Amino acid sequence: MTREGRNRASAQSPAWLEELGIWLSPSLCLPWGVSEDAMIDLTSDAFFMGQALREARKAYAAEEVPIGAVVVRESQVIARAWNQVETLRDATAHAEMLALTAAQNTVEDWRLDGCTIYVTKEPCPMCAGAIVHCRPVRVVYGCPDLKGGAAGGWINLLQANPPLNHQCEVTGGVLEDECVGLLQGFFREARARKGEEGGSQGGNRVRR
């Protein structure tokens, strides 16, 4: 390090380190090979959608349609869930529904004021209706559902006109490629398994 560089670093180093002749550069605080520009914003939509994708992968591992959701309040995840329709034998056990219930338990209120829900796939009409009743501020989803989505893909219950008792800000397409890829991979494997079984009775069912 040059004398000028040491002087700049020394100005940012604690006094006790300076006494030992140790200078700290801001770049030493970053992981090896990672620049400041490449650091992840831990409050970004992409970061929280990544958390929802982690939940979706749990569903994938359980042979459930891989959809995950998290609820965020004040930049903190307060609830997580993944699709468990087959696991719980409950047609309403979508990731959003389970995440909403978990969030309500966390805040001890059915109103999710100030919350944002992140989900890897656009909510269906059932989930969108539940979201309206819970009143989060925002809904952020990964991939759209043009055939059955209720956040603008097919219909828009979250911003209905005339309005329902609550409207949400909607942001779509966050980490869309990753969300689509996970779903496509799941259904590709499901079709392959079904083909290997020769369509035998009791084969894997995939629905959501």
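Below you will find a few notes about this structure. Nothing here was measured: the structure is a model prediction, and the numbers come from that model. (Residues numbered from 1 in each chain as written. Predicted model: local features only at pLDDT ≥ 70, side-chain atom pairs only at ≥ 80, totals over all residues. Heavy atoms only, no water.)

What about the sheet that holds strand 2 (residues 76-82)?
Spatially, 2-1-3-4-5 is the arrangement adopted by the five strands of the open sheet, whose pairing is mixed. Of all strands in the sheet, those bounded by a partner on one side alone are strand 2 and strand 5 (169-171). Across the sheet, the mean angle from the axis of one strand to that of its neighbour is 15 degrees, orientation sign disregarded. The pairing of strand 1 (residues 68-73) with strand 3 (residues 115-121) spans five bridges and is classified as antiparallel. (Pairing = 2+ DSSP bridges. Helix = DSSP H or I, 4+ residues; strand = E, 2+ residues; numbered from the N terminus. Axes fitted to C-alpha atoms, helices over the stretch in contact; angles between N-to-C directions.)

Things to note about the pattern of salt bridges
Pairs can form between side chains of opposite charge whenever their charged atoms are close. Overall, the coordinates contain six salt bridges when judged by the stated rule. Measuring nitrogen to oxygen at the nearest pair gives 3.5 Å for the salt bridge that ties Asp 109 to Arg 111. Arg 111 gets classed as partly exposed once you look at its relative accessible area, which sits at 33%. The partner of Arg 138 in a salt bridge is Glu 169, and the shortest N-O contact between them spans 3.6 Å. One end of the pair, Arg 138, is in strand 4 (residues 138-143); the other, Glu 169, is in strand 5, and 31 residues separate them in sequence. (Salt bridge = Lys/Arg side-chain N within 4 Å of Asp/Glu carboxyl O. Buried < 20%, exposed > 50% of the residue type's maximum accessible area, 1.4 Å probe, protein only.)

Considering the layout of surface pockets
Reported here for the largest pocket is a volume of approximately 250 Å³. In terms of lining residues, the largest pocket is bounded by 12 residues, among which Lys 121, Cys 143, Pro 144, Asp 145 and Leu 183 are the most central. Here the lining of the largest pocket gets five residues from one element, more than from any other, and that element is helix 7 (residues 176-196). Classifying every residue of the lining of the largest pocket by side-chain character gives seven nonpolar, one polar and four charged. (1 Å grid on protein atoms, 1.4 Å probe; cavity = no way out; pocket = protein on both sides within 12 Å on 5 of 7 lines; lining within 4 Å. Points joined across faces, edges and corners; volume = space filled by probe spheres on them. Nonpolar A, V, L, I, M, F, W, Y, C, P; charged D, E, K, R; others polar.)

Comments concerning the packing of aromatic side chains
Applying the stated criterion across every chain yields a total of four aromatic pairs. A centroid spacing of 5.4 Å and a plane angle of 40 degrees characterise the contact between Phe 48 and Tyr 118, whose relative ring orientation is tilted. Of this pair, Phe 48 sits in helix 3 (residues 45-61) while Tyr 118 is found in strand 3, placing the two residues 70 residues apart along the sequence. Note on accessibility: Phe 48 and Tyr 118 belong to one class, buried. Ring pairs connect the aromatic residues Phe 47, Phe 48 and Tyr 118, which therefore count as one cluster. (Phe/Tyr/Trp six-rings, centres within 6.5 Å; stacked < 30°, edge-to-face > 60°.)

Brief notes about the packing of helix 3 against helix 7
At a closest axis distance of 11 Å, the pairing of helix 3 and helix 7 adopts a crossing angle of 5 degrees. Classified by the angle between their axes, helix 3 and helix 7 sit roughly parallel to one another. Contacts from Met 49, Leu 53, Ala 56, Arg 57 and Tyr 60 in helix 3 reach Glu 178, Cys 179, Leu 182, Gly 185, Phe 186 and Glu 189 in helix 7. In terms of residue class, the contact of helix 3 with helix 7 is built from seven nonpolar, one polar and three charged. (Parallel < 35°, antiparallel > 145°, perpendicular 65-115°, else oblique. Contact = heavy atoms within 4.5 Å.)

Quick look at the nonpolar core
Residues Met 49, Val 71, Leu 100, Tyr 118, Ile 131 and Leu 158 are the most contacted members of the largest nonpolar core, which totals 41 residues. For this core, the secondary-structure elements that each account for two or more residues are helix 3, strand 1, strand 2, helix 5 (95-107), strand 3, helix 6 (125-134), strand 4 and helix 7. (Core = buried A, V, L, I, M, F, W, Y, C linked by side-chain atoms within 4.5 Å.)

Quick notes on the side chain of Glu 122
Residue position: Glu 122 is located in the loop between strand 3 and helix 6. Nearest to the buried, unbridged Glu 122 among oppositely charged side chains is Lys 121, at 7.4 Å. Looking at Glu 122, its side chain comes within polar contact range of the main-chain nitrogen of Ala 150, at 3.3 Å. Only 2.6 Å separates the side chain of Glu 122 from the backbone nitrogen of Gly 153, close enough to count as a polar contact. (Lys, Arg positive; Asp, Glu negative; His and termini not counted. Polar contact = N/O pair within 3.5 Å; in protein donor to acceptor, adjacent residues only side chain to side chain.)

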